[in-house]
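# Survey of secondary and tertiary structure
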Amino acid sequence: MFIQRIGEYYRTNHHFSEDKVQRIEYSLEAIWNELSKVLIYSLFFFFTGNLKVFLLVYICLISIRVFAGGIHCGSYTSCLIISFVYLCICVFFPYIIRISLNVLFLLSGLSIIFALFFAPVLPKVRSLKTRKQFWILKASSVISTTIWLLIAYLYRETNMISSNLLWTIILANYQLIFPYWSYLKERRKRHGEHRNSCW
């Protein structure tokens, strides 16, 4: 695959460390996968007449997720399917399930707390080297969530647009619980193994 060839080029000709090469490959693969998914999703939502709503929801999601992180799938196919389900919820649910905007704003407001406590949740390849990076991402995820909440509030008279954004904000931040919980379980397991090795 051409991404591995690029990694090998930097490894051989520029003597990049394995860690740097892995980061380059991860970034290129993430960009390539995301572009291909956006193309597929765009075609679907175009033919269902929801392309504009999809683009708004997608921009909202990406601008939160790039800082907060979240669930990461093990394969391209699983990521494609789960992301598709997620986007369909954000686009179609306001038309199917009518929930009061006040309730959605309350749930969205609580999502700021989730971002504050759980973000960022990143894959191992994108691990942070300093505490400063950690706090910058956490603050950025809270700020991004808050900005989108304000945008949703400004569009509150346009009920559907506001609901689309609020569903996106809720799902983007609430799903942080699951990878964070897995991280804590793994951390406790490592801690327990360390304690046992001391005996």
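Nothing here was measured: the structure is a model prediction, and the numbers come from that model.

Scanning the chain from terminus to terminus reveals eight helices and zero strands. Of all 199 residues assigned to the chain, the portion counted as buried reaches 32%. The long-range fraction of contacts in the chain, counting pairs at least 24 apart against all pairs at least 6 apart in sequence, stands at 77%. Accessible surface computed for the chain: about 12,700 Å², of which carbon and sulfur atoms make up 68%.

Interhelical geometry of helix α3 (residues 51-68) versus helix α4 (residues 76-96) gives an angle of 125° and a closest axis separation of 10 Å. One finds that α3 runs oblique with respect to α4. Crossing handedness for the pair α3 and α4: right-handed. Residue-level contacts link V53, F54, V57 and L61 of α3 to Y86, L87, C90, V91 and Y95 of α4. Across the contact of α3 with α4, the residue classes break down as nine nonpolar, no polar and no charged.

Quick look at helix α5 (residues 101-118) now. In this model α5 runs 25 Å from its N-terminal to its C-terminal C-alpha over 18 residues, within 8% of the 26 Å that 1.5 Å per residue would give. Buried within α5 we find L101, L104, S108, S111, F114, A115 and F118. Projected down its long axis, α5 shows its buried positions confined to an angular sector of 110°, all on one face. Residues of α5 that are exposed and angled more than 90 degrees away from the buried face: N102, L106 and F117. Between the side-chain oxygen of the N-cap and the backbone nitrogen of N102 there are 3.2 Å, and the N-cap of α5 in question is S100.

The next subject is the pattern of salt bridges. By the definition in use, this model includes one salt bridge. Between E34 and K37 there is a salt bridge, with the nearest N and O atoms lying 3.5 Å from each other. Of this pair, E34 and K37 both sit in helix α2 (residues 18-47), three residues apart, roughly one helical turn. Exposure remark for E34: the relative accessible area of 26% places this residue in the partly exposed category.

Here we come to the side chain of S108. Residue placement: S108 occurs in helix α5. Using a relative accessible area of 0% as the deciding quantity, one classes S108 as buried. Engagement of the side chain of S108 in a polar contact is seen with the backbone oxygen of L104, the distance being 2.8 Å. Among residues more than four places away in sequence, those in contact with S108 are L149, L166, I169 and I170.

Moving on, we come to a nonpolar patch on the surface. Where nonpolar side chains cluster on the molecular surface, the patch consists of Y95, I96, I97, I99, V103, L106, L107, L110, I113, L116 and F117 and spans about 990 Å² of accessible area. Taken together, the elements giving at least two residues each to the nonpolar patch come down to α4 and α5. As for its position among the elements, Y95 is in helix α4. Residue classification places Y95 among the partly exposed positions, given a relative accessible area of 41%.

Looking now at unusual backbone geometry. The omega torsion across A119 and P120 is -5°, close enough to zero to call that bond cis. You can see P120 is positioned in the loop between α5 and α6 (131-154).

This brings us to the side chain of S111. Within the secondary structure, S111 is located in helix α5. Of the residues examined, S111 reaches a relative accessible area of 0% and is grouped as buried. Within the structure, S111 has its side chain in polar contact with the backbone oxygen of S108 (distance 2.3 Å). S111 has contacts with T145, I169, N173 and Y174, leaving out every residue within four places of it along the chain.

What counts and how
- Residues numbered from 1 in each chain as written.
- Predicted model: local features only at pLDDT ≥ 70, side-chain atom pairs only at ≥ 80, totals over all residues.
- Heavy atoms only, no water.
- Helix = DSSP H or I, 4+ residues; strand = E, 2+ residues; numbered from the N terminus.
- Buried < 20%, exposed > 50% of the residue type's maximum accessible area, 1.4 Å probe, protein only.
- Contact = heavy atoms within 4.5 Å.
- Areas by Shrake-Rupley, 256 points an atom, 1.4 Å probe, with all protein chains shown as cover.
- Axes fitted to C-alpha atoms, helices over the stretch in contact; angles between N-to-C directions.
- Parallel < 35°, antiparallel > 145°, perpendicular 65-115°, else oblique.
- Left-handed = near helix turned anticlockwise from the far one by under 90°.
- Nonpolar A, V, L, I, M, F, W, Y, C, P; charged D, E, K, R; others polar.
- Expected span 1.5 Å × (residues − 1).
- Arc of directions from axis to C-beta.
- Polar contact = N/O pair within 3.5 Å; in protein donor to acceptor, adjacent residues only side chain to side chain.
- Salt bridge = Lys/Arg side-chain N within 4 Å of Asp/Glu carboxyl O.
- Patch = residues over 30% accessible without salt bridge, like charges linked within 9 Å, V, L, I, M, F, W, Y side chains within 5 Å.

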